[in-house]
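Architecture and fold: a report
Here is how the chains run, residue by residue.
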Amino acid sequence: MKIIFDAQSLEINPSGDGYVAMMDGKKMRIEIVRVDFGQGRMDLRFTDMSDSALIRESVFKSVHVSSDGAKRWVTIDGQTIMLTKTSGAKRGVRHDHAGGLIAPMPGQVRSVSVSAGDAVKKGQTLLTMEAMKMEIRIQALKDGVVKMVYAAQGQTVEREQILIEMED
């Protein structure tokens, strides 16, 4: 996901059980330690992964997040920053974004039915998640091949987080 952070561009991509962020040539690993959706709070661990980092020390931060759909306000260390999404993610019942299937809302992954390399048919359920006591099935929008699976059973995911990447 590409976002605008003040006047700078920030690229955040899923990586394993966390994210990798690139900003001004600096690479950071971000891991979600704890999420409290009711309070809009997340506890994160930031680790400098840039080539210039000799020691890989982690810093823990609590952040507060609020959103109106297109914009997110993130408060870190008492400073609030507005993030504007530039990803072009679609709204509504579709869950696709740039070749990837995304989470329509925050929730927990209940099952993953595919692996990288699997051929799938349009309408096939690839992943099931639970959000707000509802079961949500993420289905293939067309025939294709699973390129990468970014979510695992039991994982908590955020709205618009890429779950599965597809290719034709």
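See the structure above.
Only a predicted model underlies this, so the values are computations on that prediction, with no experimental measurement involved.

The next thing to look at is the pairing of strand β15 (residues 144-149). Of the pairings in the sheet, the one linking strand β12 (residues 119-120) to β15 comprises 2 bridges and is antiparallel in character. Bridged to V120 within β15 is G144.

With respect to the helices and strands, the residue T128 is situated in strand β13 (residues 125-131). Not counting the four nearest positions on each side in its chain, T128 is found in contact with V109, R110, S111, E135, I136 and R137.

Before going further, it helps to examine the sheet that holds strand β16 (residues 156-157). Strand pairing in a sheet relies on backbone hydrogen bonds, with the paired strands running either antiparallel or parallel. The 4 strands are arranged β14-β13-β11-β16 in an open sheet whose pairing can be described as antiparallel. Both outer strands of the open sheet, β14 (134-139) and β16, are each paired with one neighbouring strand and no more. Relative to β14, β13 runs antiparallel, the two sharing 6 bridges. Of the residues in β14, the one forming a bridge with E130 is E135.

So, about the pattern of salt bridges. Taken as a whole, this structure holds 6 salt bridges when the rule is applied. Measuring nitrogen to oxygen at the nearest pair gives 3.2 Å for the salt bridge that ties R41 to D43. Assessed through its relative accessible area of 28%, R41 is described here as partly exposed. Of the residues examined, D43 reaches a relative accessible area of 14% and is grouped as buried. Linking E135 and R137 is a salt bridge whose minimum nitrogen-to-oxygen distance equals 3.3 Å. Salt bridges sharing common partners tie together R34, R41 and D43.

Analysis parameters
- Residues numbered from 1 in each chain as written.
- Predicted model: local features only at pLDDT ≥ 70, side-chain atom pairs only at ≥ 80, totals over all residues.
- Heavy atoms only, no water.
- Pairing = 2+ DSSP bridges.
- Helix = DSSP H or I, 4+ residues; strand = E, 2+ residues; numbered from the N terminus.
- Contact = heavy atoms within 4.5 Å.
- Salt bridge = Lys/Arg side-chain N within 4 Å of Asp/Glu carboxyl O.
- Buried < 20%, exposed > 50% of the residue type's maximum accessible area, 1.4 Å probe, protein only.

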